[in-house]
Amino acid sequence: MFHTLDIIGTMAFALSGALTAMNKRLDPFGVFIIAFVTAVGGGTLRDILIGRTPVGWMRDINYVYCIILGYFLSIVFRKKLEYLRRSLFLFDTIGLGVFTLIGLEKGLENNLNPLICISLGTMTACFGGVTRDILCNEIPVIFRKEIYATICIIGGILFFVLKYFNLKDDILYLSTSLVMIFIRLLAVKNRWSLPPLTRN
Amino acid sequence: MFHTLDIIGTMAFALSGALTAMNKRLDPFGVFIIAFVTAVGGGTLRDILIGRTPVGWMRDINYVYCIILGYFLSIVFRKKLEYLRRSLFLFDTIGLGVFTLIGLEKGLENNLNPLICISLGTMTACFGGVTRDILCNEIPVIFRKEIYATICIIGGILFFVLKYFNLKDDILYLSTSLVMIFIRLLAVKNRWSLPPLTRN
Amino acid sequence: MFHTLDIIGTMAFALSGALTAMNKRLDPFGVFIIAFVTAVGGGTLRDILIGRTPVGWMRDINYVYCIILGYFLSIVFRKKLEYLRRSLFLFDTIGLGVFTLIGLEKGLENNLNPLICISLGTMTACFGGVTRDILCNEIPVIFRKEIYATICIIGGILFFVLKYFNLKDDILYLSTSLVMIFIRLLAVKNRWSLPPLTRN
């Protein structure tokens, strides 16, 4: 179940990367690389920082297959993706929740401080998009618009609060991800965003 | 022999990095760093991802000497490099072939899936140039123009096809790199490039 | 003592990152991430390249607390930071010296070649700022203006020269960092910079 959601999230992230790259008029190789780093960039950075090498997608080839599939889907349906925007957004939101939880888990496995675990969760969910934007020569969108990373941080804090009360793992994971998905839906519906921090 | 070609490739990549940096009017330190990351960036990323640390250029100081030499050559000859364009292009093409093979080899040494090996080969040959472009605030050129990475992928596939037929290592390496060099010469001569993937 | 200076340097770097991010009108999350990578980016890259994982800030949570503190200070005092410019510049210069020494030390601990140690020192002091500029979509400032990295390189060479004469560690560290700080003060006072390397 958890793994299925992981696959759905990976594919959604690959599609989002492919779309951004196409809007930048990149060639098929460029589109593939952007799809790839958007999908696995966050987990890869996490694995590098904690020393879990070879990194995740090198150990489990299913991620690579899944990105290749997402890539071809994005090419075939590239003129119709506007109509699928709603489904894509839902998948992306599932990815946000699942990836954050995977990052938190890896931090716990390595006995790291809760603050570090939360940063690993946020990184897993957000850094693929950051790399996508850097490769496309943009200031990362999550530094400017939308509360995306903030949701990961809230999810991470909630996770440790619930864990403190000794909830069973299943309920812990389910409730954390549902809260995150719910906040994200609310945030996009109401166009919540953090105001820029300015100096004048 | 293989090591000599590796050195030639490294120096060619360092020169290409230095030239790009000078065109951006960077200072001598900036030019050096760009030369450095262009030359060893691909292998460094590969080593980080598979956990082969300290990374290659820290273990074999010859790479560093070779980049320093390339850097000074690029400064001394900086006003004449246009005339050397043809030799530089040849060296760069040798680098493309050799670096791809080195990446494939490292993947095999770590018993990784052939798809992962091909991506390591492509990464070794291409990622230095990608880092160069990011540091110079450009969308990486191999995502937009020229079939460069595509040649690495073709070379990687050919490598595994020939390996499947149990060719001797010498012939395997030689034929793979010659095919890659040949395609690259054809590609540049005929200005082959992949069309952008657009959405309308 | 050394650790105190390290903390001062980390906080100064976090403040400098936060300021750059605010000038780019990023949101609070963006400002935090830029403050974070500016402060620990250099040491993190160093740790990844030499295989010292989990990286430094995951092992010693004090770095994280210190960045969080610097972040909040930068928000509270964001309209008054111009008046504090002189103190900030001093702290930043201390950071430059201390971070270079920490990088050199890590290289020695891993028995790396002096050239590699000097590059690790330079990287520790400079790469946080490089990452800050890349994330803010700028060509890194140390590739264009100011002699910043050059001071790290001079400091690194001096370190090995003094070491060769068997100076006691205390005196070695103190004199190297004082020379670096002194050159930096002179450099900024006299607006020293390296001229761009151009090709015509």
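Residues numbered from 1 in each chain as written. Chains lettered and ligands numbered in written order. Predicted model: local features only at pLDDT ≥ 70, side-chain atom pairs only at ≥ 80, totals over all residues. Heavy atoms only, no water.

Named according to an unreviewed UniProt entry, chain A is Trimeric intracellular cation channel family protein originating from Flavobacterium ichthyis. Turning to chain A, the UniProt annotation filed under Subcellular location (unreviewed entry) states: "Cell membrane". Of chain A, the UniProt comment under Sequence similarities (unreviewed entry) reads exactly: "Belongs to the UPF0126 family." (UniProt positions renumbered as here; feature names shortened; annotations may be inferred.)

Thoughts on the relation of the copies chain C and chain B
When chain C is fitted to chain B, the best match, at an RMSD of 0.0 Å, comes from turning it 120° and sliding it 0.0 Å along the axis. What we have between these two chains is a three-fold relation. (Least-squares fit on C-alpha atoms with pLDDT ≥ 70 in both.)

With respect to the interface of chain B and chain A
Taken together, the contacts link 32 residues of chain B with 34 residues of chain A. When chain B packs against chain A, close to 2,800 Å² is buried across both sides, 69% of that on carbon and sulfur atoms. Linking chain B with chain A are three residue pairs in polar contact (both at pLDDT 80 or more). Within the residue set of the side of chain B that touches chain A, elements represented by two or more residues are helix H2 (28-50), helix H6 (114-135) and helix H7 (149-164) of chain B. Examining the composition of the side of chain B that touches chain A, we find that eight residues originate from one element, H6 of chain B, more than from any other. (Contact = heavy atoms within 4.5 Å. Buried area = accessible area lost by both parts, 1.4 Å probe. Polar contact = N/O pair within 3.5 Å; in protein donor to acceptor, adjacent residues only side chain to side chain. Helix = DSSP H or I, 4+ residues; strand = E, 2+ residues; numbered from the N terminus.)

Points about the UniProt feature "transmembrane region" (unreviewed entry) in chain A
All names here are of chain A. Here the UniProt-annotated "transmembrane region" (unreviewed entry) positions come out as residues 6-22, 29-49, 61-77, 89-106, 147-165 and 171-187. Span residues 6-22 is 100% helix and 0% strand, its end C-alpha atoms 24 Å apart. Here residues 29-49 runs as 100% helix and 0% strand, with 27 Å between its end C-alpha atoms.

A short note on the nonpolar core
Ranked by internal contacts, the top residues of the largest apolar core, which has 190 residues, are Trp 57 and Met 58 of chain A, Trp 57 and Met 58 of chain B together with Trp 57 and Met 58 of chain C. Each residue touching Trp 57 of chain B, except ones within four places of it in the same chain, is listed here: Phe 36, Val 40, Thr 44, Tyr 63 and Val 64 of chain B together with Leu 49, Ile 116, Ser 119 and Met 123 of chain C. (Core = buried A, V, L, I, M, F, W, Y, C linked by side-chain atoms within 4.5 Å. Buried < 20%, exposed > 50% of the residue type's maximum accessible area, 1.4 Å probe, protein only.)

Considerations on the UniProt feature "domain: Glycine transporter" (unreviewed entry) in chain A
Residue and element names in this part refer to chain A. As recorded in UniProt, the feature "domain: Glycine transporter" (unreviewed entry) lies at residues 4-78 and 90-163. End C-alpha to end C-alpha, residues 4-78 measures 24 Å, and it is 83% helix and 0% strand. Taken as a whole, residues 90-163 contains 77% helix and 0% strand, while its terminal C-alpha atoms sit 27 Å from one another.

Topic: the confidence of the model for chain A
With 98% of its residues at a pLDDT of 70 or more, chain A has an overall mean of 89. Overall fold confidence (pTM) sits at 0.91, and the ipTM for the predicted complex is 0.88. (pLDDT = per-residue confidence, 0-100.)

As for the environment of Trp 57 of chain A
Residue and element names in this part refer to chain A. Relative to the helices and strands, Trp 57 resides in helix H3 (residues 56-59). Relative accessible area serves as the criterion here: at 7%, Trp 57 is assigned to the buried category. On a C-alpha basis, the gap between Trp 57 and Val 40 in space is 7.3 Å, while along the polypeptide they are 17 residues apart. A polar side-chain atom of Trp 57 sits 3.1 Å from a polar atom in the side chain of Thr 44.

Focus: the pattern of salt bridges
A full pass over the atoms with the stated rule returns 15 salt bridges over all chains. With a closest N to O distance of 2.9 Å, Arg 52 of chain C and Asp 47 of chain C form a salt bridge. (Salt bridge = Lys/Arg side-chain N within 4 Å of Asp/Glu carboxyl O.)

Focus on the relation of the copies chain B and chain A
The transform that puts chain B on chain A rotates by 120° and translates by 0.0 Å along the axis, for an RMSD of 0.0 Å. Here only 9% of the interface residues in chain B have copies in chain A that are interface residues too; the copies meet through unlike faces.

Some remarks on empty space enclosed by the protein
Summed over the entire model, instances satisfying the criterion amount to one cavity of 30 Å³ or more. Roughly 70 Å³ of volume is contained in the largest cavity. Taken together, Ile 134, Asn 137 and Glu 138 of chain A, Ile 134, Asn 137 and Glu 138 of chain B together with Ile 134, Asn 137 and Glu 138 of chain C make up the lining of the largest cavity. Of the residues belonging to the lining of the largest cavity, the class tally is three nonpolar, three polar and three charged. (1 Å grid on protein atoms, 1.4 Å probe; cavity = no way out; pocket = protein on both sides within 12 Å on 5 of 7 lines; lining within 4 Å. Points joined across faces, edges and corners; volume = space filled by probe spheres on them. Nonpolar A, V, L, I, M, F, W, Y, C, P; charged D, E, K, R; others polar.)

Here we look at the interface of chain C and chain B
Listed by partner, the interface residues are 31 residues for chain C and 34 residues for chain B. Regarding the contact of chain C and chain B, the summed buried area is about 2,800 Å², with carbon and sulfur atoms giving 69% of it. The interface formed by chain C and chain B includes zero salt bridges. Where chain C meets chain B, there are three residue pairs in polar contact (both at pLDDT 80 or more).

What about the packing of aromatic side chains?
According to the stated counting rule, one finds 27 aromatic pairs over all chains in the structure shown. Between Phe 32 of chain A and Tyr 71 of chain A, the aromatic rings sit 5.0 Å apart at their centres with planes inclined by 75°, giving edge-to-face as the arrangement. Here Phe 32 of chain A is found in helix H2 (residues 28-50), whereas its partner Tyr 71 of chain A is found in helix H4 (residues 62-76), with 39 residues between them in sequence. Each member of the pair, Phe 32 of chain A as well as Tyr 71 of chain A, is classed as buried. When the centroid spacing of 5.4 Å and the interplanar angle of 85° are considered together, the rings of Phe 159 of chain B and Phe 160 of chain B count as edge-to-face. With relative accessibility at 1%, the residue Phe 159 of chain B sits in the buried group. (Phe/Tyr/Trp six-rings, centres within 6.5 Å; stacked < 30°, edge-to-face > 60°.)

As for unusual backbone geometry
All names here are of chain B. In the segment running from Thr 53 into Pro 54, the intervening peptide bond is cis, with an omega of -5°. Here the phi dihedral of Arg 25 falls at roughly 60°; this positive angle occurs in a residue that is not glycine. Here Arg 25 shows up in the loop between helix H1 (2-23) and H2.

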